[in-house]
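Residue-level listing of the chains:
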Amino acid sequence: MKSSSETTSRRRGAGPRLAPGRPLGYDVDDNATRFSNYFHVLRELVHFTNGWLPLEPSWPRKYTLGDHVHDDARALSKIKRRLYELRSPSDYPGSPSPELEELLDGMASADSPGAYLEAAYGEAKPALAEAMRIHVENLDPVADEPSLRLLNQVLERQERHVRELGPAPAAAAKRDVGALPVRLRAIPRELRILPPLVEPARDDFVEVTEQGDPYLTRDLYINGAENHVPIEPEEQRHFFHGLMDAELSAAELMARNSHEHPDMPWDFHVDMARQTWDEVRHAKVHDLLMKEELGCSWGDYPVGFSYFKSIYAYDLLGRLCLFNGTSEQRAMWRHSHRRKTLMELGQERVAFVFDYLLADEVPHVHNGVRWGSHLLGGSEAAYRDKVRELRGDLDDTGVPTGTPA
Ligand SMILES: [Fe+2]
Ligand SMILES: [Fe+2]
């Protein structure tokens, strides 16, 4: 059986299309202009998806946004690379035309997650996919094969995104935004930052309370001999429900780190997007475990945002030190301890969950080191000092006791 990507590339002419019908293609500058337009659409998709993800109440939609933002961030990295190869500035390849700005303003002016989804999945992504389809049909598949391969991959994902979260196909835009001119000497387009979060949104059937689930005791979250591993069905139900909410909060924190700091280097946004996707995936693992093994489901118990709020109140450096550099770093010990204890009891299915959580935590902790050091002039030692200093204000479960300086 042919793989779907193979079928797609054949259909789009990636194969031996050397017959006389081979398109003339775009010249290098026109090609770069098209990629510059995709750059702008994807840059704002990543920025605003990160901004709105925490405010999207639906768990399935929140998950899908976390998945898509990671795809879009990687797509933009590849497009930046192609721009560089086509001799264009890859950090910022000139400003969008007024016509493209109209499309981007549709996303930037959204005032609710629903309005954003309409603009992003009803307008921007269909327009991006349409421009890429035109591009693929008209490029020279030999001289410009690097573009062809990249576009086939990104196009397939954009089409999937629209299928997953978009409106009915009839509403999709039919225009070629790739052909719009780029204004080389115009001032760079600013990215609007949404107001600070008060708290993230949850499905309306999930009860949010000040203290969260009272069943969850502090001994579940401390490191060392006093740590309690949940082994009975009832305590596991509460524990994984709380853990699912904690994963969502982690995704929301990373998404907001990216959205609220558009001036950070591009690789920071790629790292945050990867972590956002990891955290919503972790939430999905717990959601399935609850349904398939534990006999409970999302929304069965109350959740609380006090930990999220205590970390979100810090600036970016503080969040990286306290969340990535402390909370996630300490969670690694607990995950490994939980896995060992549950394996010994023969609860393999539950124990295995912690194996991947633990593996994914390693790059998450590294995100703290990498970007915390970046914020401190590249000094890892200064980052470690800052982590030590901020840890002084934590209680034994890792929750900040004071208010940020
Ligand atoms: Fe996680
Ligand atoms: Fe994590």
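Now for a look at the structure at hand. Since the structure is predicted, the reported quantities are computational estimates derived from the model, not experimental observations. (Residues numbered from 1 in each chain as written. Chains lettered and ligands numbered in written order. Predicted model: local features only at pLDDT ≥ 70, side-chain atom pairs only at ≥ 80, totals over all residues. Heavy atoms only, no water.)

### Some points on the layout of surface pockets
Moving on, step 1. Counted as a void, the largest pocket has a volume near 1,100 Å³.
Moving on, step 2. Along the walls of the largest pocket sit 42 residues, with Tyr221, Gly242, Ala246, Tyr307 and Val399 positioned nearest its centre.
Moving on, step 3. Contributions of two or more residues to the lining of the largest pocket are made by α7 (233–259), α9 (306–312) and α10 (316–344).
Moving on, step 4. When residues of the lining of the largest pocket are assigned to their parent elements, the largest contribution, nine residues, is made by α7.
Moving on, step 5. Residues belonging to the lining of the largest pocket are distributed by class as follows: 18 nonpolar, twelve polar and twelve charged. (1 Å grid on protein atoms, 1.4 Å probe; cavity = no way out; pocket = protein on both sides within 12 Å on 5 of 7 lines; lining within 4 Å. Points joined across faces, edges and corners; volume = space filled by probe spheres on them. Helix = DSSP H or I, 4+ residues; strand = E, 2+ residues; numbered from the N terminus. Nonpolar A, V, L, I, M, F, W, Y, C, P; charged D, E, K, R; others polar.)

### Structural notes on the packing of aromatic side chains
Moving on, step 1. The full count for this structure, using the stated rule, is eleven aromatic pairs.
Moving on, step 2. An angle of 75 degrees between the planes, with centres 6.0 Å apart, marks the rings of Trp59 and Tyr63 as edge-to-face. Of the two residues, Trp59 and Tyr63 both sit in helix α3 (residues 59–85), four residues apart, roughly one turn of that helix.
Moving on, step 3. Judged by its relative accessible area of 8%, Trp59 is buried.
Moving on, step 4. With relative accessibility at 13%, the residue Tyr63 sits in the buried group.
Moving on, step 5. With 5.5 Å between their ring centres and 15 degrees between their planes, Phe308 and Tyr312 make a pair best called stacked. With Phe308 and Tyr312 both in helix α9 and four residues apart, this pair spans about one turn of that helix.
Moving on, step 6. The aromatic ring of Tyr63 is capped on one face by Lys284, whose charged end is 4.3 Å from the ring centroid. (Phe/Tyr/Trp six-rings, centres within 6.5 Å; stacked < 30°, edge-to-face > 60°. Buried < 20%, exposed > 50% of the residue type's maximum accessible area, 1.4 Å probe, protein only. Lys NZ or Arg CZ within 6 Å of the ring centre and 35° of its normal.)

### Observations concerning the coordination of the iron ion (ligand 1)
Moving on, step 1. Every protein donor of the iron ion (ligand 1) is accounted for by Glu247 (OE), Glu279 (OE) and His282 (ND1), and the metal-donor separations fall at 2.1 to 2.2 Å.
Moving on, step 2. Distance-wise, the iron ion (ligand 2) is placed 3.4 Å from the iron ion (ligand 1), both being coordinated by Glu279. Placement of the pair is Glu279 and His282 together in helix α8 (residues 266–294), with a separation of three residues, close to one helical turn.
Moving on, step 3. Overall, the relative accessible area of 1% leaves Glu279 in the buried class.
Moving on, step 4. Looking at His282, the relative accessible area reads 2%, which means it is buried. (Donors = N, O, S within 2.8 Å, 3.2 Å for Na, K, Ca; no water.)

### A word on the nonpolar core
Moving on, step 1. The biggest cluster of nonpolar side chains holds 52 residues, and the ones touching the most others in it are Leu45, Ile79 and Met107.
Moving on, step 2. For this core, the secondary-structure elements that each account for two or more residues are α2 (28–52), α3, α4 (98–108), α5 (113–138), α6 (145–165) and α8.
Moving on, step 3. It is α5 that provides the largest number of residues to this core, a total of twelve residues.
Moving on, step 4. Not counting residues up to four positions away in its chain, the partners in contact with Ile79 are Phe35, Tyr38, Phe39, Leu42, Met132 and Leu150.
Moving on, step 5. By size, the runner-up hydrophobic cluster in this structure holds 27 residues, among which are Tyr63, Met244, Trp277 and Leu294. (Core = buried A, V, L, I, M, F, W, Y, C linked by side-chain atoms within 4.5 Å. Contact = heavy atoms within 4.5 Å.)

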